[in-house]
Amino acid sequence: MTTPSTATVRTGIRPISVGRRVKDRVVQVLICLAFVLALIPLASVLWMVVKNGMQRFDLEFLTHSMRNIGARDVGGGAYHAIIGTLQQVLLASLIAVPIGLLTAIYLVEYGNGGRLARTIGFFVDVMTGVPSVVSGLFVLAFWILVLGMPFSGFAGALALSILMMPVVVRSAEEMLRLVPRELREASYALGVPKWRTVVKVVLPTAFTGIATGVMLAVARVAGETAPLLLTVFFTDSINNDPFNGPQMGLPLYVFDQAGRPTDAAIDRAWSGALTLILIVMLLNLVARLIGWWRSPARKGS
Amino acid sequence: MVAVAREEGVLGTMAKQIEVSDLDAYYGSHKAIEGITMTIEPRSVTAFIGPSGCGKSTFLRTLNRMHEVIPGARVEGKVRLEDQDLYGPDVDPVSVRRTIGMVFQRPNPFPTMSIFDNVAAGLRLNGRVSRSELDGVVETSLKGANLWNEVKDRLNKPGAGLSGGQQQRLCIARAIAVRPEVLLMDEPCSALDPISTLAIEDLIAQLKKDYTIVIVTHNMQQAARVSDRTAFFNLAAQGRPGKLIEMDDTSKIFTNPAEKATEDYITGRFG
C-alpha cells in the first residue's frame, strides 16, 4: 500500500494501489498472450494453405477435372469437385435452412417452453453432438441400402443437412430471442396477426444474425469429408447431375489427392484446400454484404 | 360487429365508450387486479394513477386484449365497447387491437423500417393498400402526431434515428394511422424529457377531439393537466391484487377526493 496523504485520509478516496496496478498489467499481458497463442494455429494453417495452394491454383485447376489424368501426370484440376461441393452444399441448405428456421420459430414464438418445445430442444442438442460419419452412415443405410437409391450428390446433401440443421436451429433461435418483446407487442397493438408479426417484424429484425448463423452452418458442412465418402462416393469426372451417380466434393478431392504418392497430387490437394477456404470465405462475404445492404444504417444518416 | 363499428369509425364517429364490469386479470395463478368496474367516456382523456405494481398498466392492457399475449396471462370479466363484449367467445383479438390502439412506455419503432414504413406498418401489415392511399394516411398521421414538419424531408430514413420524443410521436402516428377508435397510452412520457413531454401532452389534447384516450401515468401533474377523468388504483399490500379505489372528474379527484387513500396518494403522503 502507498502511504496515504493527508488529503486521502480526509476523503477516503485513494490512488490505485501498486498491487492492483501490477495485477492489472499481469492479467493484460496474459490475455494478450492467450490471444496470440490462439492465433498461431490459425495463422500458420492459413499460411501453409496459401503458400502450398498457390502452386497449382491456376485457371486449369479451376476449369478441369481429373478425367484421363494418369497417376503420375501433372495438370488436372478440381472443377468436378467444386461443382460437386457447391451443389451438395446448396441442396443441403435448401433442406436444412427452411426446416431449421421453422423449428426455431416454433421454439421461440409458439412453443412457450411447453413439453413439445422442450423435447425438440433436447433432440436438437442431441443432433448437434452427432458425429458427421454417423449421419453419413445413416443416409447410406437408409437412403442407399434400404431404399435402393444410387450414390449421388443429393444423398450427400441429405447427410450434410442432418449436420446443418441443429446449427441453424440453435443460431436462429438465439437471434429470434434477441428481438425485443416490445417490437412484437407494437405489432400486435396495431392489429397485426401473430404470424404476420413473425414474418414482417421479427424475421426482418433478426435477419442479419440468422444469415450469419446459416453461413456458419454452411462453413461447417462444406468441409465435411466422412459423410460424403459414404454417400456421394467418388469420381474423377464431371457430374453435373446431383441426383444421379457419384459426384465429387472438395474435401473428398483433398483427401483423395493427399493420399497419392506424387508431388503433383499433393500440390492439387493443397490447391483444393485453398479453394474450399476461399469458397467459404466468399459465402461469408456475401452474407455480410446482404446484411449490410439490408441494414437500416445504410439507408439512414 | 367489429367490422361494422370500424366502418363507422372510418366515417368519422371514431370515439367509443368502454364499459368494464367486474374484471379480474391474472398472471398464471397470481391475481394482479380484481373486481374492476368502470366506464370510460368517449372523446375524453381518462387517466389512471396509482403506486407502482397496483395493476394500472395490466388493466390498460386488458382493454385491448394485449394482456393475454404474455404466456400464462388471462382475464375474467367483461369489457364492452359500445355494447360488444371484447372477451366474447367469437371475438377475434386481432380485430380488437385494430380498433383499440396502444402506445407503449418506451418508444418502440420498428428498427428495420423507415419513418414512412413505420407509420404505414399497421396498414401494410394488415392488407393491400395503394401507394397513393398510403402517402395520404402517412402524411395525415404524422401531422396528427405533430411530427410531419420535423420529418417530411427524411421519410425514408430509419425511424430509430429520431430522438426519443420524436420516436414516441412516431409511435403515436403509427398507432393512429390504422384509425383506431380508442387510444391506450401506457406511461407514454416516462422516458422523455420535459419538452418532448409537453409536445405529447399537447398532442393528447388535440387527439381527444377524435379519440377516446386512456393514459397511465406516474406523473400526477400530468394527469391533472391532460385528463378529464381520473381513476385511482391501489393495492392493499404487496402481492395482493390491485383495485380501483375511486374514479371521478379529474378536478374533483385532485381537490376533493371521496376516499382517504386517494387524498393520501395525491398529497404525497405515500406512494
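Presented here is a report on the structure given in the accompanying data block. (Residues numbered from 1 in each chain as written. Chains lettered and ligands numbered in written order. Predicted model: local features only at pLDDT ≥ 70, side-chain atom pairs only at ≥ 80, totals over all residues. Heavy atoms only, no water.)

1. A closer look at the overall build of chain B
Broken down by element type, chain B carries 11 helices and 10 strands. Expressed along its principal axes, the backbone C-alpha trace of chain B runs to roughly 55 × 45 × 35 Å. Burial status across chain B gives 55% buried among its 271 residues. As displayed, chain B offers around 11,400 Å² of accessible surface, 48% of which is attributable to carbon and sulfur atoms. Each charge class in chain B was averaged separately, 32 positive and 34 negative side chains, and the resulting centres sit 4 Å apart. (Helix = DSSP H or I, 4+ residues; strand = E, 2+ residues; numbered from the N terminus. Buried < 20%, exposed > 50% of the residue type's maximum accessible area, 1.4 Å probe, protein only. Areas by Shrake-Rupley, 256 points an atom, 1.4 Å probe, with all protein chains shown as cover. Lys, Arg positive; Asp, Glu negative; His and termini not counted. Charge placed at Lys NZ, Arg CZ, Asp CG, Glu CD.)

2. Concerning the packing of helix α9 (residues 194–222) of chain A against helix α12 (residues 263–294) of chain A
All names here are of chain A. Contact pair α9 / α12: the axes reach a minimum separation of 9 Å and the direction vectors enclose 175 degrees. Between α9 and α12, the interaxial angle falls into the category roughly antiparallel. For the pair α9 and α12, the contacting residues are P204, F207, T208, A211, M215, V218, A219 and A222 in the first and L276, V280, L283, N284, A287, I290, G291 and R294 in the second. Class assignment for the residues of the contact of α9 with α12 results in 12 nonpolar, 3 polar and 1 charged. (Axes fitted to C-alpha atoms, helices over the stretch in contact; angles between N-to-C directions. Parallel < 35°, antiparallel > 145°, perpendicular 65-115°, else oblique. Contact = heavy atoms within 4.5 Å. Nonpolar A, V, L, I, M, F, W, Y, C, P; charged D, E, K, R; others polar.)

3. Re the pairing of strand β6 (residues 100–103) of chain B
All names here are of chain B. The two faces of β6 match: I100 and M102 on one face and G101 and V103 on the other face are all buried. Summarising the sheet, β6 and strand β7 (residues 182–186) pair through 4 bridges and their orientation is parallel. Paired with V103 across the strands is M185, a residue of β7. (Pairing = 2+ DSSP bridges.)

4. Let's talk about the pattern of salt bridges
A complete count under the given rule lists 25 salt bridges over all chains for this structure. K31 of chain B serves as the salt-bridge partner of D24 of chain B, at 3.9 Å between the closest nitrogen and oxygen. Since its relative accessible area comes to 12%, D24 of chain B is described here as buried. For K243 of chain B, the salt bridge goes to E34 of chain B, with nearest N and O atoms at 3.2 Å. One end of the pair, K243 of chain B, is in strand β10 (residues 242–249); the other, E34 of chain B, is in strand β2 (residues 30–40), with 209 residues separating them in the sequence. Among the residues examined, K243 of chain B registers a relative accessible area of 39% and is labelled partly exposed. When salt bridges with common partners are traced through the structure, they connect D125, R170, E173 and R177 of chain A into a single cluster. (Salt bridge = Lys/Arg side-chain N within 4 Å of Asp/Glu carboxyl O.)

5. A look at helix α6 (residues 132–146) of chain A
Residue and element names in this part refer to chain A. Given a rise of 1.5 Å per residue, 15 residues ought to cover 21 Å, and the 20 Å separating the end C-alpha atoms of α6 matches this to within 8%. By the largest-angle criterion, L140 marks the main kink of α6, which is about 25 degrees. Along α6, the positions that sit buried rather than exposed are S132, S135, G136, V139, L140, W143 and I144. Those residues of α6 that are buried are in contact with α7 (153–178) and α10 (226–231). (Expected span 1.5 Å × (residues − 1). Bend = angle between axes of the 7 residues up to and from the residue.)

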